[in-house]
Amino acid sequence: RRCGITSSTMAVRSFCLAISTATSVLLLVLALCALGVRGQKTTQKISVGFLNPTFSGKEGEVAAAIVKVEVPKDFKFGDSDESLTILVTSEDGEAKAGRDFELVEGTITLATGDLKRIQNNRLGHTNIAVEISLTEDDYIEPSQTFTLTLEVQTTLDVEERITSATFTIEDRGSDSKCTFSMRG
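These remarks concern the structure in this document. In this text, all values refer to a predicted model and were calculated from it rather than measured experimentally. (Residues numbered from 1 in each chain as written. Predicted model: local features only at pLDDT ≥ 70, side-chain atom pairs only at ≥ 80, totals over all residues. Heavy atoms only, no water.)

1. Some points on the pairing of strand E1 (residues 46-50)
Then step 1. E1 sits mainly inside the fold: five of its five residues count as buried.
Then step 2. Where E1 and strand E8 (residues 158-160) come together, three bridges link them in parallel fashion. From the neighbouring strand, Ser47 faces E8, where its bridge partner is Glu159.
Then step 3. Relative to strand E3 (residues 62-70), E1 is paired through four bridges, and the arrangement is antiparallel. Counted as the bridge partner of Phe50 is Val67 from E3. (Buried < 20%, exposed > 50% of the residue type's maximum accessible area, 1.4 Å probe, protein only. Helix = DSSP H or I, 4+ residues; strand = E, 2+ residues; numbered from the N terminus. Pairing = 2+ DSSP bridges.)

In C-alpha cells, the structure reads:
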C-alpha cells in the first residue's frame, strides 16, 4: 500500500486516466479535422450546360433549347476583362439541317459584368434560350432527332455540365385525324 491506495485502486485510476486521455486525443483529432475541413478553401466553379439532355418542338415552330449558366456567390473573378464564350452547334441525325430545321451555329458571350449580374441575382443563375426554327413539310413522318452540342471557351474556372442534348422534331401531321369512308 502506498498513500492509502491499494494496487487495485491504482490500476483502476490508471485505466480511467488512459481512457480519458485516449478520448481527449480522439476529440482533439476530430475537432482539428473539422476545423481543417471548414478552413480549407474550396474552389467554386461557374457551371455551364444545357438545362436538360432532351428538348422537343413541332414542325413549323420556333422552339428553344435552354443553356443554364450558374455563378456561385463565392466565385472570385480575376481580371476585369475575362469573359465566357459558349458555342452551340447542331449535328444532323434523322433530322437534317436545311431540310428539317435551320442549322444551329451560335455564340453566346458573357462579359465579367454579365457574369457578376448573374452571380448577384436572387437565384445565382440564368437560362439562355437558343432558338431553333423547325421546318414544316407536307409529309406525315415519325419524329426525327438531331444533336446539339455546347463548348465553353474561357480562362475562368468552369465546370461543363450537360454538353450534348438530343432535340426531337415532332411531326405536325400526326396531330390530324384522317377519316376514310368507302361506298360501293
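2. Some details on the environment of Glu105
Then step 1. Looking at where Glu105 falls in the secondary structure, it is placed in strand E5 (residues 105-111).
Then step 2. Of the residues examined, Glu105 reaches a relative accessible area of 65% and is grouped as exposed.
Then step 3. Counting along the chain gives 18 residues from Glu105 to Leu87, while the straight-line C-alpha distance between them is 7.4 Å.
Then step 4. Sequence-distant contacts of Glu105, that is, excluding residues within four places in its chain, are made with Val88 and Thr89. (Contact = heavy atoms within 4.5 Å.)

3. Let's talk about the packing of aromatic side chains
Then step 1. Taken as a whole and assessed by the stated rule, the structure comprises four aromatic pairs.
Then step 2. Summarising the aromatic geometry, the rings of Phe75 and Phe77 are spaced 4.9 Å apart at their centres and angled 75° between planes, so their arrangement reads as edge-to-face. You'll find Phe75 and Phe77 in the same group, each marked buried.
Then step 3. For the ring pair Phe101 and Phe146, a centre distance of 3.7 Å and an interplane angle of 10° mean the geometry is stacked. Of this pair, Phe101 sits in the loop between strand E4 (83-91) and E5 while Phe146 sits in strand E7 (residues 144-154), placing them 45 residues apart in sequence.
Then step 4. The class for Phe101 is buried, based on a relative accessible area of 1%.
Then step 5. In this structure an aromatic cluster arises from ring pairing among Phe101, Phe146 and Phe167. (Phe/Tyr/Trp six-rings, centres within 6.5 Å; stacked < 30°, edge-to-face > 60°.)

4. A word on the sheet that holds E8
Then step 1. Strand order in the open sheet formed by four strands is E6-E3-E1-E8, and the pairing between neighbours is mixed. Sheet topology places strand E6 (125-133) and E8 at the edges, where each strand pairs with a single neighbour. Taken over all neighbouring pairs, the strand axes of this sheet differ in orientation by 20° on average, direction set aside. (Axes fitted to C-alpha atoms, helices over the stretch in contact; angles between N-to-C directions.)

5. What to know about the sheet that holds strand E2 (residues 54-58)
Then step 1. With mixed pairing, the five strands of this open sheet are ordered in space as E2-E9-E7-E4-E5. The sheet terminates laterally at E2 and E5, the two strands that pair on one side only. Sheet twist, expressed as the mean angle between neighbouring strand axes with direction ignored, is 20°.
Then step 2. Strand direction decides the pairing type here: E7 and strand E9 (residues 164-170), joined by six bridges, are antiparallel. Looking at the pairing, Phe146 lines up with Phe167 of E9.
Then step 3. Where helix H2 (residues 112-120) meets the sheet, its contacts fall on E4 and E5, and the angle it forms with E5 comes to roughly 75°.

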